[in-house]
Amino acid sequence: MAFALNTYPVSYRSRFTGGKWTEEYLEKPHKTPDEEAAMSAEERGKYEAARNCYDDMPVVNYTSQYGLACFEGLKALPQKDGSLAIFRPDQNAARFYRSMKGLFMPTFPEETFVKACIEVIKRNAQLGFRLHYKSEWEKDSFITADSIYIRPFTIAEGGIGVNISREPYVMIINTPVSAYFSSASSDAVVTERIRATPNGTGWIKACSNYALAALAKHEAVQAGYMECVFLDATHRKYVEEGSSCNIFFYQKSGELVTPELGDTILPGITRASIIELARDKGIKVIERKIAIEEAMGETKECFVCGTAVGATPISSLTWEGKKAVFNDGKDGEFTTEIRNTIKGIQYGTLPDTKNWMVKIN
Ligand SMILES: *Cc1c(COP(=O)(O)O)cnc(C)c1O
């Protein structure tokens, strides 16, 4: 599975108690990766499942009961010399800080966040749990997207009354991942569902936002699409996002348009990076509202972007029974170029002129 959970043995856990964060690294039972690979699927499954369980944490808590939590997603990307590098972790740290603040939680220091992300990767690597890169490096332009996923997240303390979380945990786990979208089609459909509302939590990387996204995505996949696209809640007219990714329209005019940020759109780090890279290439990038009719009529190429998906072309968009096919259903030149630019920086085939990459070892 492309985006399956296979938690590495070492995880990070911090808890806010007595007015401060107390950190620890937890190491789960494991053998060497080679020994584990040689196990029967069942035996190995048990090891992997056990690494996802912590029986010293409360099950009934404000996260499991009321969805009060937030998370981040980063990748440690394999470089040509066998080392790993993380893309803009300071930006994830800053967003995690804003998310926790938005959820009225004690905030987590940004420096601690970056340090812990690096340290978990290092400790797992020391045990031999590092990426076993399957394809020849660079051969497929990194379409397989093999990397180690870093998932920082909060879990609230135990409690049953509706309440804010004052003493949350912050955990960071690692799991190997590859490409996010596995379906052959790259068609998208506009969903009737609403992801985020004004004055809501759409701008926060909040777990609760994902209930709607999961339902809408499931419905889209059931109907044969790869992805769903959300419209705004108020006018049911303006394009907002994909299920877990931002969206761009490269228009026939040569301008690159993406929905402007507001309280219903998640400020993606990939989105911000693509805006910057496109501007560097001399492309006019405009952040503004874009109506679904305009998006369907004026678009040459469409793509969605995020840490998990990279920049993935959308070949068509269906809305109210009408279907707009972009670039004859083929991957567009601009999308391919922007994808190769960002992947090149991330995997180290292009110079990192903006100092976005943080080397791990
Ligand atoms: C995480 C996320 C994105 C992408 O953000 P990146 O920082 O680029 O990974 C986009 N939309 C939603 C709703 C998200 O949760």
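Provided above is the structure to which this section pertains.
Residues numbered from 1 in each chain as written. Predicted model: local features only at pLDDT ≥ 70, side-chain atom pairs only at ≥ 80, totals over all residues. Heavy atoms only, no water.

Participant: Please clarify how the sheet that holds strand β12 (residues 285-287) should be interpreted in this entry.
Facilitator: Backbone-to-backbone hydrogen bonds join strands into a sheet, with any given pair of strands oriented parallel or antiparallel. If you trace the 5 strands from one edge of the open sheet to the other, you get β12-β11-β10-β13-β14, paired in mixed fashion. Both edges of this open sheet fall to β12 and β14 (310-314), since each of them pairs with a single strand only. Between one strand axis and the next, the sheet turns through 25° on average, direction left out of account. Two elements, strand β10 (residues 246-251) and strand β11 (residues 256-258), share 2 bridges in a ladder whose sense is antiparallel. Counted as the bridge partner of Phe249 is Val257 from β11. With respect to the sheet, helix α7 (residues 269-280) is in contact with β10, β11, β12, β13 (299-306) and β14, its orientation differing from that of β12 by roughly 145°. Packing of helix α9 (residues 333-347) onto the sheet brings it into contact with β10, β11, β13 and β14, and relative to β13 it is tilted by some 25°. (Pairing = 2+ DSSP bridges. Helix = DSSP H or I, 4+ residues; strand = E, 2+ residues; numbered from the N terminus. Axes fitted to C-alpha atoms, helices over the stretch in contact; angles between N-to-C directions. Contact = heavy atoms within 4.5 Å.)

Participant: Please clarify how the packing of α7 against α9 should be interpreted in this entry.
Facilitator: Helix packing for two helices is described by the angle between their axes and how far apart those axes are. Where α7 contacts α9, the two axes come as close as 11 Å, and the packing angle between them is 110°. In terms of axis orientation, α7 runs roughly perpendicular to α9. Along its contact with α7, which presents Thr270, Ser273, Ile274, Leu277 and Ala278, the element α9 presents Phe334, Ile338, Thr341, Ile342 and Ile345. Residue composition of the contact of α7 with α9, grouped by class: 7 nonpolar, 3 polar and no charged. (Parallel < 35°, antiparallel > 145°, perpendicular 65-115°, else oblique. Nonpolar A, V, L, I, M, F, W, Y, C, P; charged D, E, K, R; others polar.)

Participant: For this particular structure, what's the right way to read the side chain of Thr341?
Facilitator: Relative to the helices and strands, Thr341 resides in helix α9. The class of Thr341 is buried, set by a relative accessible area of 12%. The contacts of Thr341, once residues within four sequence positions are left out, are Leu277, Lys281 and Leu350. (Buried < 20%, exposed > 50% of the residue type's maximum accessible area, 1.4 Å probe, protein only.)

Participant: Even after reading the chapter, I still don't get the sheet that holds strand β7 (residues 187-190), so can you show me in this structure?
Facilitator: Pairing within the open sheet is mixed, and its 5 strands lie in the order β9-β8-β7-β15-β16. Both outer strands of the open sheet, β9 (239-241) and β16 (322-325), are each paired with one neighbouring strand and no more. Taking each pair of neighbouring strands and ignoring which way they run, the sheet shows an average axis angle of 30°. Here strand β8 (residues 227-231) pairs with β9 via 2 bridges, running antiparallel. Bridge pairing links Phe230 to Glu241 in β9.

Participant: I'm lost on the environment of Thr299 in this one. Help?
Facilitator: As for its position among the elements, Thr299 is in strand β13. When the C-alpha positions of Thr299 and Cys70 are compared, they lie 34 Å apart, and in sequence the two are 229 residues distant. Residues contacting Thr299, with those up to four places away along its chain left out, are Phe249, Tyr250, Gln251, Lys252, Glu294 and Phe326.

Participant: So what exactly am I meant to see when it comes to the pairing of strand β15 (residues 316-319) here?
Facilitator: Consecutive side chains of a regular strand alternate in pointing toward one face of the sheet and then the other. Side chains Ser316 and Thr318 project from β15 onto one buried face, and the interleaved Leu317 and Trp319 project onto a second face that is buried too. Where β15 meets β16, 4 bridges bridge the pair, whose relative direction is antiparallel. Residue pairing for β16: Ser316 is matched across the bridge by Val325. With antiparallel pairing between neighbouring strands as the criterion, β15 and β16 make up a hairpin whose turn holds 2 residues, including Glu320 at a positive phi of roughly 45°.

Participant: So what exactly am I meant to see when it comes to the state of the cysteines here?
Facilitator: Disulfides are covalent bonds that link the sulfur atoms of two cysteine residues. Tallied over the full model, the rule gives 0 disulfides. Looking at Cys53, it has no disulfide partner, and the nearest cysteine sulfur is the one in Cys207, 18 Å off. For Cys245, which is in no disulfide, the shortest distance to another cysteine sulfur is to Cys305 and amounts to 7.4 Å. (Disulfide = S-S within 2.5 Å.)

Participant: Just to check I follow, could you spell out α7 for this structure?
Facilitator: Every α-helix winds through 3.6 residues per turn, so residues three or four apart in the chain are directed the same way. Look at α7: 17 Å from first C-alpha to last across 12 residues, which is about the 16 Å you get at 1.5 Å a residue. All buried positions along α7 are accounted for by Ile269, Thr270, Arg271, Ser273, Ile274, Ile275, Leu277 and Ala278. (Expected span 1.5 Å × (residues − 1).)

Participant: Mind showing me how you'd approach the site of the ligand here?
Facilitator: Surrounding the ligand, one finds 14 residues, the nearest of these being Lys205, Tyr210, Glu241, Thr270 and Thr307. The contact in question runs from an oxygen atom of the ligand to an N or O atom on the side chain of Arg95, over 2.8 Å. Contact distances for the ligand include 2.4 Å between an oxygen atom and a side-chain N or O atom of Tyr210. Summarising the interface, the protein chains cover 97% of the accessible area of the ligand, which totals 380 Å² for the free molecule. Grouping the constituent residues of the shell around the ligand by class yields 4 nonpolar, 6 polar and 4 charged. (Near = heavy atom within 4 Å. Polar contact = N/O pair within 3.5 Å; in protein donor to acceptor, adjacent residues only side chain to side chain. Areas by Shrake-Rupley, 256 points an atom, 1.4 Å probe, with all protein chains shown as cover.)

Participant: How should the pattern of salt bridges be read in this particular structure?
Facilitator: Oppositely charged side chains can form a pair if their charged atoms are brought close together. Taken as a whole and assessed by the stated rule, the structure comprises 17 salt bridges. Arg13 is the partner of Asp56 in a salt bridge, and the nearest nitrogen-oxygen pair spans 2.8 Å. Separated by 43 residues along the polypeptide, Asp56 in the loop between α2 (41-50) and α3 (62-66) and Arg13 in strand β1 (residues 10-17) bring together distant segments of the chain. With relative accessibility at 6%, the residue Arg13 sits in the buried group. Residue Arg44 pairs with Glu48 through a salt bridge whose shortest N-O separation is 2.9 Å. (Salt bridge = Lys/Arg side-chain N within 4 Å of Asp/Glu carboxyl O.)

Participant: Please explain unusual backbone geometry as it appears in this structure.
Facilitator: Only a minority of non-glycine residues have a phi that is not negative, and only a minority of peptide bonds are not trans. Even without being a glycine, Arg236 presents a positive backbone phi close to 55°. You can see Arg236 is positioned in the loop between β8 and β9. A positive phi angle, close to 50°, is found at Asn327, a residue other than glycine. Positionally, Asn327 belongs in the loop between β16 and α9. Owing to a relative accessible area of 27%, Asn327 belongs among the partly exposed residues under this scheme.

Any functional reading would require information that these geometric values do not contain.
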